[in-house]
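Listed here are the chains, written in short residue letters.
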Amino acid sequence: MEKINDSEGHPSSSHQTLKGTSKWATSLENLLEDPEGVKRFREFLKKEFSEENVLFWLACEEFKKTQGKKQMQEKAKEIYMTFLSSKASSQVNVEGQSRLNETILETPHPLMFQKLQDQIFNLMKYDSYSRFLKSDIFLNHKKSEEQEENSPEAQTAAKRASRIYNT
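Just so it is clear, the structure is predicted and the values come from calculations on it, not from any experiment.

## A closer look at the overall build of the chain
Move 1: Across its full length, the chain holds eight helices and zero strands.
Move 2: By residue count, 32% of the 167 residues in the chain fall in the buried class.
Move 3: Within the chain, residue pairs in contact and separated by at least 24 positions form 59% of the contacts whose partners lie at least 6 positions apart.
Move 4: Here the chain has roughly 11,300 Å² of accessible surface; of this, 51% comes from carbon and sulfur atoms.

Written as C-alpha cells, this is what we have:
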C-alpha cells in the first residue's frame, strides 16, 4: 500500500483534510501556515492594535530562510529597526528588549531571534488567538465557508464526482 504524503513529504493524517476555518481553529500553527488564515488574523490584530506581533513572527520565519551573511545582516537590521529598537515603528513588547542593541546585528545567525519569536508566538497563542476564534472576522469567514460548502453548485459537483468515481 502506498503512503500518502502532503506537499512537504510528511505522511498525511486525517486532520490535514480540514480546510480553512476548521483547520485554523485546531491550532495557531495551522492558522499561521495558511496564507488566508494569516490575512484574517492580521485583519483581527489590526483592530486590536497588535498587528506587529504577527508581522514580527512572519519576519522571523522569513529570516530563518535567509542565505548569506550580507543578506542576513540586512534582514536582521530591518527586523531590529522595525520591531525591536526603542525607535521601532512597529515595536513588539518582549522580555529583555532593553538589553538588546545593534551589536547583535554584526554576527547574525538563523535563530538569533528565536527566543523573542517564541515569546511573541506564546503571547498570540494564549491571548489574541482565542479572541480571534470568537471574533466576527473568524465567525463570518466560517459562515461564508459553510454556505459555499452547502451551496447547490458544491453539492452538484460532489454528486457528479461521486458518479464519476462510482461507475
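After presenting the structure, the write-up continues.
## A look at the pattern of salt bridges
Move 1: Inspection of every chain in the model, using the stated rule, returns seven salt bridges.
Move 2: When the shortest N-O distance is used, the salt bridge between D127 and R131 registers 2.6 Å. Residue D127 and its partner R131 are located together in helix α6 (residues 114-134), separated by four residues, close to a single helical turn.
Move 3: Classification of R131 by relative accessible area gives partly exposed; the value is 33%.
Move 4: Salt bridges sharing partners connect three or more residues here, namely E36, R40 and E43.

## Quick notes on the environment of F56
Move 1: Relative to the elements of secondary structure, F56 occurs in helix α4 (residues 51-64).
Move 2: A C-alpha to C-alpha distance of 9.8 Å links F56 and F113, two positions 57 residues apart in sequence.

## Things to note about the packing of aromatic side chains
Move 1: Evaluation of the coordinates by the stated rule reveals seven aromatic pairs.
Move 2: Consider the rings of W24 and F138, whose centres lie 6.4 Å apart with planes at 50°: the pair is tilted. Residue W24 is located in helix α1 (residues 20-24), and its partner F138 is located in helix α7 (residues 136-149); the two are separated by 114 residues in the primary sequence.
Move 3: For W24, a relative accessible area of 0% translates into the label buried.
Move 4: Judged by centre distance (5.2 Å) and plane angle (75°), the rings of F41 and F132 are edge-to-face. A residue pair is termed long-range when its members are at least 10 positions apart, and F41 in helix α3 (residues 35-47) and F132 in helix α6 qualify at 91 residues.

## Some thoughts on unusual backbone geometry
Move 1: Of note, the phi angle at F49 is positive, near 60°, even though the residue is not glycine.
Move 2: Of note, F49 is situated in the loop between α3 and α4.
Move 3: Taking relative accessible area as the criterion, F49 reaches 72% and is therefore assigned exposed.

## Focus on the confidence of the model for the chain
Reading predicted coordinates in detail is not appropriate for stretches of low pLDDT.
Move 1: The pLDDT averaged across the chain works out to 84; a share of 79% of its residues lies at or above 70.
Move 2: At the level of individual helices and strands, the chain shows its lowest average pLDDT in helix α8 (residues 152-165), which scores 57, and its highest in α4, which scores 97.
Move 3: Note on residues 1-16: pLDDT under 50 across the span, and ten contacts to partners over four residues away in sequence or across chains.

## Concerning the side chain of S85
Move 1: Summarising the element assignment, S85 is placed in the loop between α5 (69-84) and α6.
Move 2: Given a relative accessible area of 6%, S85 falls into the buried group.
Move 3: When neighbours within four sequence positions are excluded, S85 is seen to be in contact with Y80 and Q91.

Rules used in this analysis
Residues numbered from 1 in each chain as written. Predicted model: local features only at pLDDT ≥ 70, side-chain atom pairs only at ≥ 80, totals over all residues. Heavy atoms only, no water. Helix = DSSP H or I, 4+ residues; strand = E, 2+ residues; numbered from the N terminus. Buried < 20%, exposed > 50% of the residue type's maximum accessible area, 1.4 Å probe, protein only. Contact = heavy atoms within 4.5 Å. Areas by Shrake-Rupley, 256 points an atom, 1.4 Å probe, with all protein chains shown as cover. Salt bridge = Lys/Arg side-chain N within 4 Å of Asp/Glu carboxyl O. Phe/Tyr/Trp six-rings, centres within 6.5 Å; stacked < 30°, edge-to-face > 60°. pLDDT = per-residue confidence, 0-100.

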